[in-house]
Amino acid sequence: MALPSSYSEMYPNRFLKADILKGQKVTLTVKNIIGEMLTSDDEKKEQKWIVQFVERPLELVIPKVNGECFRRMFGNDPHAAIGKRITLFPTKTKAFGEVVDCIRIWGSPDLPEDLPISVKDGGSRKRKEMVMHKVMPDRKSVV
């Protein structure tokens with residue numbers, strides 16, 4: 001058996017992780033958004049929102065930053081995101097006092113043009129300026 005290129009591949013679960021993207025952007029179609037109680041590392045149960053995709057069985061837990069990107073791109077009704085394509089990219093963020101890998105939304109081929117947005121930056125009160133990019137639809141999925 002060949003050694004996988006990431007620990008997420010060595011120990012797979014149902015969720016998409018940043019290292020699975022191998023440093024690449026990937027465009028996937030939203031199949032559904034579901035709510036579920038998940039248990040955190042400290043054994044607390046929390047309500048989380050999860051995106052399911054048409055192309056792949058891996059799911060993505062949506063942090064508030066990504067939820068705000070969905071809202072700004074597709075409107076206030078979460079149902080409007082179903083059937084839309086989103087482009088994800090791996091990056092890093094500060095969480096729990098350390099820098100960790102994460103997945104953020106780059107944009108969508110379904111946007112008519114680039115869309116500047118402002119989102120709350122993690123646990124701080126500061127707002128972060130971002131751009132949801134109009135993505136050319138020739139991106140290949142790596143997950």
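Before reading further, recall that the structure is shown in the block above.
Right, let's walk through the structure included here. Here the structure is a predicted model, which is why all the values come from computation and not from measurement. Residue positions are given per chain, counted from 1 along the sequence in the order it is written. Totals for whole chains, interfaces and linings use all residues, but because this is a predicted model, local features are given only for residues with pLDDT of at least 70 and pairs of side-chain atoms are given and counted only at 80 or more. To obtain the side-chain values, all non-hydrogen atoms of the structure were included, while hydrogens and water were left out.

Here the focus is the sheet that holds strand 3 (residues 60-61). Pairing is mixed in the open sheet, where 7 strands are placed in the order 3-2-1-4-5-7-6. With partners counted over all chains shown, the strands left at the sheet margins are strand 3 and strand 6 (115-120), one partner each. Pairing between strands is defined by DSSP: at least two bridges between them are needed. Labels follow the DSSP assignment, with helices taken as runs of H or I lasting at least four residues and strands as runs of E lasting at least two, numbered in each case from the N terminus. As paired elements, strand 2 (residues 45-53) and strand 3 share 2 bridges and run antiparallel to each other. Counterpart to Val-51 in the pairing with strand 3 is Leu-60.

Turning our attention to a nonpolar patch on the surface. Residues Leu-3, Tyr-7, Met-10 and Tyr-11 make up a contiguous nonpolar surface patch of roughly 530 Å² in combined accessible area. Considering the arrangement of structural elements, one finds Leu-3 in the segment before helix 1 (7-10). Each residue is placed in one exposure class: buried if its accessible area under a 1.4 Å probe, protein chains only, is under 20% of its type's maximum, exposed if it is over 50%, and partly exposed if it falls in between. For Leu-3, a relative accessible area of 73% puts it in the exposed group. Here, patches come from residues exposed beyond 30% relative accessible area and free of salt bridges, joined within 9 Å for like charges and within 5 Å for nonpolar side chains (Val, Leu, Ile, Met, Phe, Trp, Tyr). The method behind every accessible area is Shrake-Rupley, applied with a 1.4 Å probe, and residues are considered shielded solely by the protein chains displayed. For salt bridges, the criterion is a side-chain nitrogen of Lys or Arg within 4 Å of an Asp or Glu carboxyl oxygen.

On to a positive patch on the surface. A grouping of Lys-64, Arg-72, Lys-120 and Arg-127 is seen on the molecular surface, where their side chains present a positively charged patch. By secondary structure assignment, the location of Arg-72 is in helix 2 (residues 64-74). For Arg-72, a relative accessible area of 30% gives the class partly exposed. Residues scored as charged are limited to Lys and Arg (positive) and Asp and Glu (negative), so that His and the chain ends carry no count. Where a charge sits is defined by one atom per residue type, namely NZ (Lys), CZ (Arg), CG (Asp) or CD (Glu).

Looking now at the pattern of salt bridges. For the structure shown, the criterion picks out 7 salt bridges. Arg-14 is the partner of Glu-36 in a salt bridge, and the nearest nitrogen-oxygen pair spans 2.8 Å. Within this pair, whereas Glu-36 is found in strand 1 (residues 26-39), its partner Arg-14 is found in the loop between helix 1 and strand 1, the two being separated by 22 residues in sequence. For Glu-36, a relative accessible area of 23% corresponds to the partly exposed category. With a relative accessible area of 34%, Arg-14 lands in the partly exposed category. In this structure, a network of salt bridges that share partners links the residues Arg-14, Glu-36 and Glu-59.

With that settled, the discussion passes to the side chain of Glu-59. Within the secondary structure, Glu-59 is located in the loop between strand 2 and strand 3. Polar side-chain contacts of Glu-59 include one of 2.6 Å to the side chain of Arg-14. The term polar contact refers here to a pair of N or O atoms within 3.5 Å; inside protein, the definition further demands a hydrogen-donor-capable atom paired with an acceptor-capable atom, and it admits residues adjacent in sequence only when both atoms are side-chain atoms. Side-chain polar atoms of Glu-59 contact the side chain of Gln-52, separated by 2.9 Å. Beyond its immediate chain neighbours, meaning those up to four positions away, Glu-59 contacts Arg-14, Phe-15, Leu-16, Ile-50, Val-51 and Gln-52. In this analysis, two residues are considered to be in contact whenever any of their non-hydrogen atoms come within 4.5 Å of each other.

Attention now goes to the nonpolar core. By size, the foremost hydrophobic cluster in this structure holds 27 residues, and its most contacted members are Phe-70, Ile-86, Leu-88 and Met-132. Broken down by element, this core gets its largest block of residues, 5 residues, from helix 2. In this structure, Phe-70 is in contact with Val-30, Val-51, Ile-62, Gly-75, Ala-81, Ile-86 and Ile-105, ignoring residues within four places of it in sequence. Here, nonpolar core means buried Ala, Val, Leu, Ile, Met, Phe, Trp, Tyr and Cys residues that are tied together by side-chain atoms lying within 4.5 Å of each other.

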